[in-house]
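Secondary and tertiary structure notes
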Amino acid sequence: MAKNGTTEKTSLVHNSKEDEENMQKLRGYQPWAFFVTFGGYFMAHFSRKCYSTVKQQLQNDAGYSAVILSAMDTVFMGTYAAGNIISGKLGDTFNPTTVLAIGLFGSGTCLMLINISLWFDFLSFSQLLGNFFILAVYFMFGFFQSTGGPVGTAVMGNWFCDKKSIENRGLIFGLWTCHQYCGDVTAAICTALVLGAGMPYWWALFIPALTNFGWGYLTLKLIADPADIGIITPEVKIRMEKLKAKQAEMGSSAVDEGPAPISYAAALRIPMVAQYAFAFGFFKLTNYVLFFWLPYFLGKHFDPVTANLIASLYSVGMMPGGIIVGYVSDLFGGRRATVIGTFMTTLFIFLFVFSIKSEDLNAYALLVMLCIMGILVGGPNNIITSAVAADLASHPSVRGNNKSLGTVTGLINGCGAITASIGLLAVGPLQESFGWGSVWIFLMGCTFTGTALMGTKIKDELFPAPEGYTEVDAEIAV
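Below or above, wherever it landed, is the structure these notes cover.

Criteria and cut-off values
- Residues numbered from 1 in each chain as written.
- Predicted model: local features only at pLDDT ≥ 70, side-chain atom pairs only at ≥ 80, totals over all residues.
- Heavy atoms only, no water.
- Helix = DSSP H or I, 4+ residues; strand = E, 2+ residues; numbered from the N terminus.
- Contact = heavy atoms within 4.5 Å.
- Phe/Tyr/Trp six-rings, centres within 6.5 Å; stacked < 30°, edge-to-face > 60°.
- Buried < 20%, exposed > 50% of the residue type's maximum accessible area, 1.4 Å probe, protein only.
- Salt bridge = Lys/Arg side-chain N within 4 Å of Asp/Glu carboxyl O.
- 1 Å grid on protein atoms, 1.4 Å probe; cavity = no way out; pocket = protein on both sides within 12 Å on 5 of 7 lines; lining within 4 Å.
- Points joined across faces, edges and corners; volume = space filled by probe spheres on them.
- Nonpolar A, V, L, I, M, F, W, Y, C, P; charged D, E, K, R; others polar.

1. Regarding the environment of Ala101
Considering the arrangement of structural elements, one finds Ala101 in helix H4 (residues 96-119). Spatially, the C-alpha atoms of Ala101 and Phe144 are 9.6 Å apart, while their sequence positions differ by 43 residues. The residues contacting Ala101, other than those within four sequence positions of it, are Gly216, Thr219 and Leu220.

Structural data, given as structure tokens:
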């Protein structure tokens with residue numbers, strides 16, 4: 001809670017007549033900004049999922065070993081995690097839509113290079129050359145893929161800054177984060193159509209390469225900031241007020257140089273950014289374990305078709321999860337930490353049941369439980385990297401500077417991916433040494449730790465300080 005009762009959800013747009021034209025222009029462009037940024041992140045998931053759907057063909061037909069395919073995943077995760085942190089900063093420093101377009105063009109180029117290596121069979125020339133080439137390409141692919149999340153979120157934050165959008169931020173971003181699931185499903189359908197039609201499997205990589213190029217061109221035409229076309233947004237108004245105050249002190253020589261990009265250190269000083277970054281890591285780890293290991297676990301108890309069907313219900317549940325968390329948190333005045341904490345506490349109970357009953361549950365019970373668990377995991381994961389990041393970047397300490405959302409989102413995404421990647425290393429040894437019950441207990445610990453990291457925010461939301469109560473008052477009280 002900031003001075004005068006303002007919070008991260010408080011809009012600074014006034015309702016005077018002089019603002020009506022600006023608001024009409026702003027709201028008129030919002031659907032297009034939503035569509036283009038949604039499509040950009042859709043393309044990212046479409047691209048990476050198409051690769052995973054032809055892994056078997058890459059091994060059996062192209063001749064790449066399982067070790068190389070696994071190394072590609074590891075290399076991608078590393079560069080994707082680091083890329084999130086870097087891309088967010090780049091989006092705040094340079095034109096965000098240019099950064100997004102470079103990510104799309106780069107992704108398309110990487111997929112095209114993989115196709116070239118398949119067409120000319122690089123492995124037949126040299127095993128070392130073929131393996132090194134595809135690993136190097138996938139190394140770069142991770143960086144290019146990382147632009148969609150933090151930079152796309154920053155562009156969304158630039159356009160959806162009016163009072164109505166801020167009040168419905170959770171729902172808007174909950175709908176927006178469906179891009180990843182739409183991309184994954186489209187990739188599976190695309191590959192099924194390619195293989196079903198008897199076409200060479202490399203078409204499953206060639207098609208997303210072409211669509212990335214096309215969407216990259218479309219993204220270049222997107223206006224990144226309303227201020228670029230003369231729309232006066234809340235941030236611009238605050239900058240103008242600060243400029244007037246500066247001119248009063250220094251004279252008319254003071255000019256508006258625009259918002260300066262926020263530094264990593266300054267982003268981490270924004271209240272709760274560091275806590276959310278680490279909390280998201282534990283939540284993302286829980287998601288990764290369930291996403292990557294569920295088919296393996298279920299395959300020990302069911303036939304492959306049934307195991308994959310049951311596991312797919314978890315992914316199905318994740319899509320509405322973000323919408324539900326976003327909408328409910330909007331209903332409760334933007335108390336997102338409280339809603340997320342409630343979801344994760346419920347997930348803790350489900351994981352406890354899994355830890356003692358997972359070996360005995362039948363297919364129908366698993367279908368229901370995993371679908372609900374998908375909602376419980378997907379909701380917090382989707383909202384933290386979108387609506388929550390936008391809330392944090394709107395903190396009063398950085399009001400008037402819209403060059404912070406990309407950096408904040410990138411830090412949360414990147415730190416989360418790094419934490420999750422390290423945590424995944426524990427799953428194999430745990431289940432081999434102590435059984436699957438230990439894995440579920442491990443996830444209970446992750447869920448508890450992530451929720452505990454948000455404890456101070458949950459407390460502030462449930463027991464807000466009296467209006468006008470400041471951090472200075474709190475220090476005096478202590």
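2. Notes on the packing of aromatic side chains
Given two aromatic rings, their pairing is described by the distance between the two centres and the angle made by the two planes. Under the definition given, this model contains 25 aromatic pairs. Where Tyr41 meets Trp176, the ring centres are 6.4 Å apart and the plane angle is 50°; that geometry is what we call tilted. Of the two residues, Tyr41 sits in helix H1 (residues 20-53) while Trp176 sits in helix H9 (residues 169-176), which places them 135 residues apart along the sequence. Here Tyr41 and Trp176 have matching classes, each one buried. The interplanar angle of 45° and the centroid separation of 5.8 Å between the aromatic rings of Phe76 and Phe141 together place this pair among those described as tilted. Pair noted here: Phe76 is in helix H3 (residues 66-93) and Phe141 is in helix H6 (residues 127-145), with a separation of 65 residues, a long-range link.

3. Structural notes on the pattern of salt bridges
A side chain with one charge may pair with a side chain of the opposite charge, provided their charged atoms come close. Applying the stated criterion across every chain, the model contains six salt bridges. A salt bridge links Lys55 to Asp73; its shortest N-O distance comes to 2.5 Å. Note that Lys55 is positioned in helix H2 (residues 55-60) and Asp73 in helix H3, a separation of 18 residues in sequence. Judged by its relative accessible area of 24%, Lys55 is partly exposed. Under the relative-accessibility criterion, Asp73 is labelled partly exposed at 27%. Here Asp391 and Arg169 are joined by a salt bridge, their closest N and O atoms 2.5 Å apart. Remark: Arg169 occurs in helix H9 and Asp391 occurs in helix H17 (residues 363-393); sequence separation between them is 222 residues.

4. Quick notes on empty space enclosed by the protein
Inspection of the entire model under this criterion finds three cavities of 30 Å³ or more. Quantified by volume, the second largest cavity comes out at close to 60 Å³. In terms of residue count, H4 provides more of the lining of the second largest cavity than any other element does, four residues in total. Considered class by class, the residues forming the lining of the second largest cavity number five nonpolar, seven polar and no charged.

5. Regarding the environment of Cys182
With respect to the helices and strands, the residue Cys182 is situated in helix H10 (residues 179-196). Residues Cys182 and Gly39, spaced 143 residues apart in sequence, show a C-alpha to C-alpha distance of 9.7 Å. Excluding its chain neighbours within four sequence positions, the residues that come into contact with Cys182 are Phe38 and Phe42.

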